[in-house]
Amino acid sequence: MALLPRMQCDMVLASGEAIIRLLSEMQSEEELFASPATLHTVEEHLRQMATTLAHLPEPLQMRLSELDWHGWSRLQRALQDAHTPRREEVWYGIRALVPATLGMLARMRKRHPVWFEMGY
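Residues numbered from 1 in each chain as written. Predicted model: local features only at pLDDT ≥ 70, side-chain atom pairs only at ≥ 80, totals over all residues. Heavy atoms only, no water.

Q: So what about the layout of surface pockets? Which residues, and what values?
A: Any space left empty among the atoms is revealed by the rolling of a water-sized probe across them. Looking at the largest pocket, its volume works out to about 190 Å³. Forming the walls of the largest pocket are 13 residues, and the residues nearest its centre are Ile19, Leu23, Trp91, Ile94 and Arg95. Contributions of two or more residues to the lining of the largest pocket are made by α1 (3-23), α2 (29-33) and α6 (87-111). Among the elements that line the lining of the largest pocket, the one with the most residues is α6, at five residues. Tallied by class, the residues present in the lining of the largest pocket amount to nine nonpolar, two polar and two charged. (1 Å grid on protein atoms, 1.4 Å probe; cavity = no way out; pocket = protein on both sides within 12 Å on 5 of 7 lines; lining within 4 Å. Points joined across faces, edges and corners; volume = space filled by probe spheres on them. Helix = DSSP H or I, 4+ residues; strand = E, 2+ residues; numbered from the N terminus. Nonpolar A, V, L, I, M, F, W, Y, C, P; charged D, E, K, R; others polar.)

Q: Give me the lowdown on α6, citing residues and values where you can.
A: Counted at 1.5 Å a residue, the expected span for α6 with its 25 residues is 36 Å, and the 35 Å between its end C-alpha atoms agrees. Its axis deflected by about 40° at Gly93, α6 carries its strongest bend there. Those residues of α6 that sit buried are Glu89, Val90, Gly93, Ile94, Leu97, Val98, Thr101, Leu102, Met104, Leu105 and Met108. Buried residues belonging to α6 abut α1, α2, α3 (36-54), α4 (58-63) and α5 (69-80). (Expected span 1.5 Å × (residues − 1). Bend = angle between axes of the 7 residues up to and from the residue. Buried < 20%, exposed > 50% of the residue type's maximum accessible area, 1.4 Å probe, protein only. Contact = heavy atoms within 4.5 Å.)

Q: Lay out the side chain of Gln76 in plain terms, naming residues and giving numbers.
A: With respect to the helices and strands, the residue Gln76 is situated in helix α5. Among the polar contacts listed, one links the side chain of Gln76 to the side chain of Thr51, at a separation of 3.3 Å. Here Gln76 is in contact with Ala50, Thr51 and Ala54, once residues within four sequence places are set aside. (Polar contact = N/O pair within 3.5 Å; in protein donor to acceptor, adjacent residues only side chain to side chain.)

This is a description of form; function is not addressed.
Structural data, given as structure tokens:
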């Protein structure tokens, strides 16, 4: 894997892990949506993940066929439109897209560790 896609995968991983840390203390969906500051931060991380994934090189996207590309695209559109109610998309992103994406990246690192080595 070239340097740029490795960095993009690292960015996706960092944002996903940040979301998990932010939500670790929360008890429910209602608690998240009642906390504007936390929700804003989570949405920014989701936006970064969605945008970064959308800009991965096409050959790499093809290798990541198990990702819910439609779900990520829908979430990205919802986050770009500030007037659209997006609670369902955000919650789906948090509960399904983020864990699946982080799991897929972990499996990729195990199967293809050389892709993630930083060679200078």
